[in-house]
Amino acid sequence: MNFSIILSIIYLFVGSYSGAKDEGVRVYTFDTETAETTYLCGATGISNPGFLCLSPDGRHIYSVGEDANEVTATANSLEFNPRKGTLKLTSSQLAHGGAPSNIALSPNGRLVVTANYYSGSITSFQVKRGGRLGSPNVYKFTGSSVHPERQTHPYMHGVYYTPDGKRLWCTDLGTDQIRAFTLDSHGTPQIDPEHQSDHFTKALLGPRHLCFSPDRPLAYLLGEISGEVCTLDYSDPDHVRVLQAVLCDSLGAGGSADIHMSPDGRFVYASHRLKGDGLSILRVKEDGTLTKIGYQPTAAYPRNFAITPDGRYLLVASRDEDVIQIFSRHILTGLLTDTGKRIPMNNPSCLKFFVPKAKKRCR
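Residues numbered from 1 in each chain as written. Predicted model: local features only at pLDDT ≥ 70, side-chain atom pairs only at ≥ 80, totals over all residues. Heavy atoms only, no water.

K.L.:
Go over the overall build of the chain, please, and point to the residues and values.
P.N.:
Helix and strand counts for the chain come out as zero helices and 30 strands. Since a compact globule built from 363 residues should have a radius of gyration of about 21 Å, the 19 Å found for the chain is in line with a globular shape. A principal-axis box enclosing the C-alpha atoms of the chain has dimensions of 60 × 45 × 40 Å. Of all 363 residues assigned to the chain, the portion counted as buried reaches 57%. Averaged over its 37 positive side-chain charges, the chain has a centre that lies 8 Å from the centre of its 35 negative ones. (Helix = DSSP H or I, 4+ residues; strand = E, 2+ residues; numbered from the N terminus. Rg over C-alpha atoms; globule rule 2.2 N^0.38 Å. Buried < 20%, exposed > 50% of the residue type's maximum accessible area, 1.4 Å probe, protein only. Lys, Arg positive; Asp, Glu negative; His and termini not counted. Charge placed at Lys NZ, Arg CZ, Asp CG, Glu CD.)

Below, the structure written as structure tokens:
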């Protein structure tokens, strides 16, 4: 008996800036053969679900509630049922920090952390039964850097677990630092301020988002203010080194947004807003450093983007034009081509793909 594995249909989760009464989180199916999308379901109940992360099985989604006021800003859990095609809000906790702009789930699925931009803090939540969030623990930071308006105090923008799950990195736009914590990866990860180390990156960089190399102790950090992409060496986790800084925002807009690596680890992409909106395309050299090879214009305000797991497409959430653009991606050159296909949605801001477990078809 012959079997074929069906892998072409994957799920696309979208977060947006919207009111709690709106369907701010949506799920679509995406066909990796045709680049066609179909709306599946959505959920209400969250104010400004601007950023999402997913559990490894795709059943639990965690979302920020990115209100600027820390009295109403939240972290939330949702449950996705692919069989029924439903998405529902299951828990909501105050983040106790203004504008939680990023959220991350530990590799073992036991700890959720938000980066609270305006408050210069992070908040952790233990994951309870059914993916629900436990009570919050808040960690605040101090310091400043060079920019007289944008770096007067900490502005926490990103939270990332290192690939081995042993450390949590927090990008601080306001102090040009990475705040790093060593975690206990055997049980429920705990954030311990006594095991914190701060790593200065580059003055006026404005660290925003980063991505890790899949096979080397390297990370690629995007600076919102300077528009540079820095290659970081963390082979010695106690001394993170900046190996290079590649200028990508040549217009000096100060609005660089998101960064991701292609699944094969050969290319890095970075989005830029405010002037000349688009994506920088960088090739990874043999030593792991980067060289810029191209630029792809996009619609207005490409705040976030995602690459399909097979590497064939790159989707861009262009917030200010209320559209998700679909680009095809050349596997060998890394260059992008606009397919002309669009997903209309009000204020899209975050895209996450999930590949369902393969099904076998009998022939």
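K.L.:
Help me get a handle on the environment of Val71, residues and values and all.
P.N.:
Along the chain, the position of Val71 falls in the loop between β6 (60-65) and β7 (74-81). The spacing of Val71 and His199 is 128 residues in sequence and 31 Å in space, taken between C-alpha atoms.

K.L.:
I'd like a rundown of the environment of Tyr160, residues and numbers included.
P.N.:
Looking at the element boundaries, Tyr160 is found in strand β13 (residues 156-161). Take Tyr160: its relative accessible area is 15%, and that puts it in the buried class. When neighbours within four sequence positions are excluded, Tyr160 is seen to be in contact with Asn102, Arg167, Leu168, Trp169, Thr171, Arg208, His209, Leu210 and Phe212. At 2.4 Å, the side chain of Tyr160 forms a polar contact with the side chain of His209. A polar side-chain atom of Tyr160 sits 3.3 Å from the main-chain amide nitrogen of Leu210. (Contact = heavy atoms within 4.5 Å. Polar contact = N/O pair within 3.5 Å; in protein donor to acceptor, adjacent residues only side chain to side chain.)

K.L.:
Let's hear about the packing of aromatic side chains: which residues, and what values?
P.N.:
On inspection of all chains with the given rule, the structure shows eleven aromatic pairs. An aromatic cluster is defined as three or more aromatic residues linked by ring pairs; in this entry it consists of Tyr11, Phe13 and Phe80. Lying across the ring of Tyr301, Arg319 places its NZ or CZ 3.8 Å from the centre. (Phe/Tyr/Trp six-rings, centres within 6.5 Å; stacked < 30°, edge-to-face > 60°. Lys NZ or Arg CZ within 6 Å of the ring centre and 35° of its normal.)

K.L.:
Quick one: what's the story with the sheet that holds strand β23 (residues 278-284), residue by residue and with numbers?
P.N.:
Spatially, the four strands line up as an open sheet ordered β21-β22-β23-β24, and their pairing is antiparallel. The open sheet terminates on both sides in strands that have one partner only, identified here as β21 (256-261) and β24 (290-297). Averaged over all pairs of adjacent strands, the angle between strand axes in this sheet comes to 20 degrees, irrespective of strand direction. Pairing between β21 and strand β22 (residues 267-272): four bridges, direction antiparallel. (Pairing = 2+ DSSP bridges. Axes fitted to C-alpha atoms, helices over the stretch in contact; angles between N-to-C directions.)

K.L.:
Outline the pattern of salt bridges, listing residues and values.
P.N.:
A side chain of one charge can pair with a side chain of the opposite charge when the charged atoms of the two come close. With the rule as written, the count across this model stands at 15 salt bridges. Measuring nitrogen to oxygen at the nearest pair gives 2.8 Å for the salt bridge that ties Glu224 to Arg208. Of this pair, Glu224 sits in the loop between β18 (218-223) and β19 (228-233) while Arg208 sits in strand β17 (residues 207-212), and the two are 16 residues apart along the sequence. Classification of Glu224 as buried rests on a relative accessible area of 7%. Of the charged contacts, one joins Asp338 and Arg342 as a salt bridge, the two residues approaching to 2.9 Å between their closest N and O atoms. Residue Asp338 is classed as partly exposed on the basis of its relative accessible area, which comes to 34%. The exposure class assigned to Arg342 is partly exposed, which follows from its relative accessible area of 35%. (Salt bridge = Lys/Arg side-chain N within 4 Å of Asp/Glu carboxyl O.)

K.L.:
So what's going on with the sheet that holds strand β25 (residues 302-307)? Residues and values would help.
P.N.:
Read across the open sheet, the four strands follow the order β25-β26-β27-β28; overall the sheet is antiparallel. Sheet topology places β25 and β28 (336-344) at the edges, where each strand pairs with a single neighbour. Going across the sheet, the axis of each strand differs from the next one's by a mean of 25 degrees, ignoring polarity. Relative to β28, strand β27 (residues 323-329) is paired through six bridges, and the arrangement is antiparallel. When the sheet's bridge partners are listed, Gln325 is paired in β28 with Arg342.

Interpretation note: all reported values are geometric properties and have no functional meaning in isolation.
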